[in-house]
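Secondary and tertiary structure notes
Chain by chain, the residues:
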Amino acid sequence: NLISPMGLTFYGGLIVATLALWFYFKKRNISFINICDAAAPALILAYGLGRIGCQVAGDGDWGIINSAYISDVEGNTVLAHPGQYDVTIKTYSYIYRETGNPDTAIQHASVKAFAGLPKWLVAYSYPHNVNKTGIPTMGCTFDDYCNHLPLPVFPTPLYEITMALGITAFLWGIRKKITIPGRMFAIYLVFNGVERFLIEQIRVNTRYTFLSFLGIYPTQAEIISLSLFLAGVILYWYAPKIKSKATPKPQEA
């Protein structure tokens, strides 16, 4: 994956840039753990802002099918009639498959908009998506970007934007209360891992079939997010020892 077009996307930047910055600050004798703490709110904020681009562009970073709805010929989301989902998915199943295996079940969930929320918060057809995925949109004049998904999906980038902004506000609110170096970054790692692991449950992604665990096939992001969560827990526990090492002992008179 590191040498493929898919790459590690955000996590590739987080992991490799962290190693590069660690080397840079270590060489200049600057406390790297303090830099990590200072950067934590900005990192999750940047992640959330980046997801705005995913949502607007429709780059394939979306969720599983919401089978309560269907898209019309103009890309509008409308409630599906009984049996309409089954007919449509048989016709366009190739669009939604995570792998090339025809036996792979296509994930979907039926959730109708509730509490007065707009339909596009739970079902979105991603019209004019840059991946040119889906079927032609009637009346579209955007040349190469005239496709929409015949079955709307959960707009997971919107959910990640909301969660990332919420985590940013939380980290910003506690920044002056965290006095032990390393714990601010540890909290960021925990929240980042939890956020991404949860969104993966309704997000379309390739699963690693060769890493079966109790019949569960994890995605790349699930593996990394779980690793970040564990790293955050370990760092939070170990942080006081980092502080004691960084603080010089008073000399005897």
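**Considerations on the overall build of the protein**
Helix and strand content of the protein: six helices and six strands. Helices and strands appear in the protein in the N-to-C order α-α-β-β-β-α-β-β-β-α-α-α. Partitioning the intrachain contacts of the protein with sequence separation of at least 6 by distance along the chain shows that 70% fall at a separation of at least 24. Surface summary for the protein: the accessible area is close to 14,800 Å², and the carbon and sulfur share equals 66%.

**With respect to the side chain of E222**
For E222, the location among the structural elements is in helix α6 (residues 220-246). With a relative accessible area of 7%, E222 lands in the buried category.

**Quick word on the layout of surface pockets**
Rolled over the atoms, a probe with the dimensions of a water molecule shows which regions are left empty. Counted as a void, the second largest pocket has a volume near 360 Å³. Lining the second largest pocket are 14 residues, with T18, F32, C36, F185 and L189 positioned closest to its centre. Among the elements of the structure, α1 (9-27), α2 (32-57), α5 (183-199) and α6 are those that each provide at least two residues to the lining of the second largest pocket. Residue contributions to the lining of the second largest pocket peak at five residues, all from α1. Each residue belonging to the lining of the second largest pocket can be placed in one class, and the counts come to 13 nonpolar, one polar and no charged.

**A short note on the nonpolar core**
One finds A40, I44, L171, F185, Y188, L189 and L235 to be the most contacted residues of the largest nonpolar core, which totals 21 residues. For this core, the elements supplying multiple residues, two or more each, are α1, α2, α4 (156-174), α5 and α6. Other than its neighbours up to four places away in sequence, L235 contacts I33, G182, F185, A186, L189 and I242.

**Regarding a nonpolar patch on the surface**
A contiguous nonpolar surface patch, about 430 Å² in accessible area, is contributed by L45, L49, I52, V56 and L165. Sort the elements by how many residues they give to the nonpolar patch and α2 lands first, with four residues. With respect to the helices, strands and loops of the structure, L49 is situated in helix α2. Of the residues examined, L49 reaches a relative accessible area of 47% and is grouped as partly exposed.

**Brief notes about the state of the cysteines**
Throughout the structure, instances matching the rule amount to one disulfide. The residue that forms a disulfide with C140 is C146, at a sulfur-sulfur distance of 2.0 Å. Its torsion about the S-S bond being -75 degrees, the disulfide of C140 and C146 is classed as left-handed. For the pair formed by C140 and C146, the shared burial category is buried.

**Observations concerning α4**
Here α4 contains 19 residues, and its C-alpha end-to-end distance of 27 Å stays within 8% of the 27 Å for a straight helix at 1.5 Å per residue. Considering only its buried residues, α4 is in contact with α2 and α5.

**Description of the environment of I65**
With respect to the helices and strands, the residue I65 is situated in strand β1 (residues 65-66). Note: C-alpha distance between I65 and F154 (89 residues apart in sequence) is 6.4 Å. Ignoring anything within four residues of it in the chain, the contact list for I65 reads Y85, I89, Y96, I106, Q107, H108, A109, L151, P152, V153 and F154.

**Considering the packing of aromatic side chains**
How two aromatic rings sit relative to each other is set out by the distance from centre to centre and by the angle between their planes. Going through the model one piece at a time under the given rule, you end up with seven aromatic pairs. Consider the rings of F170 and F191, whose centres lie 5.2 Å apart with planes at 45 degrees: the pair is tilted. Here F170 is found in helix α4, whereas its partner F191 is found in helix α5, with 21 residues between them in sequence. The exposure class assigned to F170 is partly exposed, which follows from its relative accessible area of 37%. Ring-pair connections join several aromatic residues into one group, and the members of that group are Y24, F25 and F32. Sitting above the plane of the Y145 ring, K132 keeps its charged end 5.8 Å from the centroid. The ring of W172 carries the charged tip of R175 above its face, separated from the ring centre by 3.8 Å.

The rules behind these values
Residues numbered from 1 in each chain as written. Predicted model: local features only at pLDDT ≥ 70, side-chain atom pairs only at ≥ 80, totals over all residues. Heavy atoms only, no water. Helix = DSSP H or I, 4+ residues; strand = E, 2+ residues; numbered from the N terminus. Contact = heavy atoms within 4.5 Å. Areas by Shrake-Rupley, 256 points an atom, 1.4 Å probe, with all protein chains shown as cover. Buried < 20%, exposed > 50% of the residue type's maximum accessible area, 1.4 Å probe, protein only. 1 Å grid on protein atoms, 1.4 Å probe; cavity = no way out; pocket = protein on both sides within 12 Å on 5 of 7 lines; lining within 4 Å. Points joined across faces, edges and corners; volume = space filled by probe spheres on them. Nonpolar A, V, L, I, M, F, W, Y, C, P; charged D, E, K, R; others polar. Core = buried A, V, L, I, M, F, W, Y, C linked by side-chain atoms within 4.5 Å. Patch = residues over 30% accessible without salt bridge, like charges linked within 9 Å, V, L, I, M, F, W, Y side chains within 5 Å. Salt bridge = Lys/Arg side-chain N within 4 Å of Asp/Glu carboxyl O. Disulfide = S-S within 2.5 Å. Expected span 1.5 Å × (residues − 1). Phe/Tyr/Trp six-rings, centres within 6.5 Å; stacked < 30°, edge-to-face > 60°. Lys NZ or Arg CZ within 6 Å of the ring centre and 35° of its normal.

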